[in-house]
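# Descriptive structure summary
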Amino acid sequence: MTAIAAVHGVLPPHSYPQAQITDQLTRVFQPDTASRALLNRFHASTRVVTRHLALPIEEYVDLDGFTAANDAFLAAAVDLGCDAVLGALSAAGLEPADVDVVMSTTTTGIAVPSLDARIATRIGMRADVKRVPLLGLGCVGGAAGVARLHDILLGTPSSVAVLVAVELCSLTLQRQDLSAANMIASGLFGDGAAAVVAVGVDHPLAATGPRVVGTASHLYPDSERAMGFDVGTTGLRMVLGAEVPGLVRAHLAGDVRNLLAPHALAIDDISHWICHTGGPKVIDAVQAALGLDHGHLTMTWNSLNRVGNLSSASVLHVFADTLAQRPPAAGDWGVLMAMGPGFCSELVLLRW
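Residues numbered from 1 in each chain as written. Predicted model: local features only at pLDDT ≥ 70, side-chain atom pairs only at ≥ 80, totals over all residues. Heavy atoms only, no water.

### So, unusual backbone geometry
- The peptide bond linking valine 112 to proline 113 adopts the cis configuration, its omega dihedral lying at 5 degrees.
- Put simply, glycine 342 and phenylalanine 343 share a cis peptide bond, and its omega is -15 degrees.
- Looking at the secondary structure, you find phenylalanine 343 in the loop between strand S12 (333-340) and strand S13 (344-351).
- At aspartate 222, a position not held by glycine, the phi torsion is positive, near 55 degrees.
- With respect to the helices, strands and loops of the structure, aspartate 222 is situated in the loop between strand S8 (211-219) and strand S9 (227-232).
- Phi is positive for serine 311, close to 55 degrees, though the residue is something other than glycine. (Helix = DSSP H or I, 4+ residues; strand = E, 2+ residues; numbered from the N terminus.)

And the structure:
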């Protein structure tokens, strides 16, 4: 089975309290009195206390247009991605030259060459490293990336594979958009990156860390407009439907049971729930669907409070926090899970 040798999250250096970000956004949006009240209410409802931004907060006022935003994305994303990968490799006791496969996932900027290529050349990965860029998975990308690393390592059991997730959500802000979706997103999403190092069953590090026992993917019908981006001349415009929590309540429990059933497991057998920070309504829906209480998702709630929703990188930050703050015992079972555009879920069954 695939072993997770290390998980490492990183954040940009620019950290601000939610109230300061809300105040700054009023200068960008220039809302009328009613819209400003709505913006304040949406931001307060996210339960986010602080967020990290790719740029100093005062620079967002002058950041106008898709080209400027994407240029800023390329500069910051490569730096942050390199930090995440180097941190994860160091924690695993490996070097960049040891990596056989590098996978990247992002949804908040366009990079050609892709982020994995830029990161690989900067930090000194081998010229024959295999690259797998994943674009457009959004919030589900971290869980999907771990699952796809597992798929690859099943066929190359002596290899080292790295996933790097980089999301700079603040750079997708639509300046003239006072829609509910854009105002909610402007209060919920933060910036960050994370990396995972995984090894195949024949690698010397295969005895360390949790093992991937199974994975499951589920694409829900007739839900394409529930979440995503519309791409236009001003950049990436948020699509965020009110039906998302309902989709979670309707489908997630069945997805989890289908993941667990081949291993003769039930929901009560899972000791560690490593869940994406989708926002308060989504996390509440996860708890309701699976019959969990607040304590089961403490790491998720804490991460939302501390850094906001980091899209694909969020579930990996929760994973790293779980390993550091609540180290599982040998034999424990865990489920890593996220939902995202499609609308879809990705689940990974872990055992320590």
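### Focus: the side chain of serine 104
- With respect to the element layout, serine 104 can be found in strand S4 (residues 101-106).
- Residue classification places serine 104 among the buried positions, given a relative accessible area of 4%.
- Of the polar contacts made by the side chain of serine 104, one reaches the side chain of aspartate 116; its length is 2.6 Å.
- Among all residues touching serine 104, those that are not within four sequence positions of it are Leu115, Asp116, Val132, Pro133, Leu134 and Val164. (Buried < 20%, exposed > 50% of the residue type's maximum accessible area, 1.4 Å probe, protein only. Polar contact = N/O pair within 3.5 Å; in protein donor to acceptor, adjacent residues only side chain to side chain. Contact = heavy atoms within 4.5 Å.)

### Brief notes about the pairing of S8
- With two bridges connecting them, strand S1 (residues 2-10) and S8 associate as antiparallel partners. Bridge assignment links alanine 3 to a residue of S8, and that residue is arginine 211.
- Pairing between S8 and S13: eight bridges, direction antiparallel. Its bridge partner being in S13, leucine 219 is matched across the sheet by cysteine 344. (Pairing = 2+ DSSP bridges.)

### A look at the environment of leucine 173
- For leucine 173, the position within the fold is in the loop between strand S6 (160-168) and helix H6 (180-188).
- Between the C-alpha atom of leucine 173 and that of alanine 69, which follows or precedes it by 104 residues, the distance is 9.0 Å.

### What about the sheet that holds S6?
- Here nine strands make up an open sheet; going across it, the order is S5-S4-S6-S7-S1-S8-S13-S12-S11 and the pairing mixed. Of all the strands in the sheet, just strand S5 (130-135) and strand S11 (272-275) have a single pairing partner and so form its edges. Strand-to-strand twist in this sheet, taken as the mean axis angle between neighbours without regard to direction, amounts to 20 degrees.
- Here S1 pairs with strand S7 (residues 191-199) via seven bridges, running antiparallel. Across the sheet, the residue bridging to valine 10 is alanine 193, located in S7. (Axes fitted to C-alpha atoms, helices over the stretch in contact; angles between N-to-C directions.)

### Comments concerning the UniProt feature "domain: Chalcone/stilbene synthase C-terminal" (unreviewed entry) in the protein
- The sites that carry the UniProt feature "domain: Chalcone/stilbene synthase C-terminal" (unreviewed entry) are, in the present numbering, residues 215-351.
- Within the segment residues 215-351, helix and strand shares are 36% and 27% respectively, and the terminal C-alpha atoms sit 12 Å apart. (UniProt positions renumbered as here; feature names shortened; annotations may be inferred.)

### Here's the deal with the environment of isoleucine 270
- Residue position: isoleucine 270 is located in the loop between helix H7 (244-260) and S11.
- For isoleucine 270, a relative accessible area of 6% gives the class buried.
- A C-alpha to C-alpha distance of 27 Å links isoleucine 270 and alanine 193, two positions 77 residues apart in sequence.
- Filtering out sequence-adjacent residues up to four positions away, isoleucine 270 remains in contact with Leu260, Trp333, Gly334, Val335 and Leu349.

### Details of the packing of aromatic side chains
- All told, the structure shown has one aromatic pair when counted by the stated rule.
- Here the aromatic rings of tyrosine 220 and phenylalanine 343 are separated by 6.0 Å at their centres, their planes lie at 40 degrees, and the arrangement is tilted. With tyrosine 220 in the loop between S8 and S9 and phenylalanine 343 in the loop between S12 and S13, this residue pair connects regions lying 123 residues apart in the sequence. (Phe/Tyr/Trp six-rings, centres within 6.5 Å; stacked < 30°, edge-to-face > 60°.)

### Side note on the nonpolar core
- Counting residues in each nonpolar core, the largest one holds 52 residues, and the members touching the most others are Val85, Leu171 and Val197.
- For this core, the secondary-structure elements that each account for two or more residues are S1, helix H1 (18-29), helix H2 (33-45), helix H3 (66-92), helix H4 (115-123), S6 and S7.
- Per-element accounting of this core gives the leading share, 14 residues, to H3.
- Beyond its immediate chain neighbours, meaning those up to four positions away, leucine 171 contacts Ala54, Leu55, Tyr60, Leu63, Ala69, Ala72 and Phe73.
- Ala185, Val282, Ala285 and Trp333 belong to the second-largest nonpolar core, a separate cluster that totals 41 residues. (Core = buried A, V, L, I, M, F, W, Y, C linked by side-chain atoms within 4.5 Å.)

### Focus on the environment of leucine 89
- Among the structural elements, leucine 89 can be located in helix H3.
- Residues leucine 89 and valine 162 lie 73 residues apart in sequence; the distance between their C-alpha atoms is 8.6 Å.

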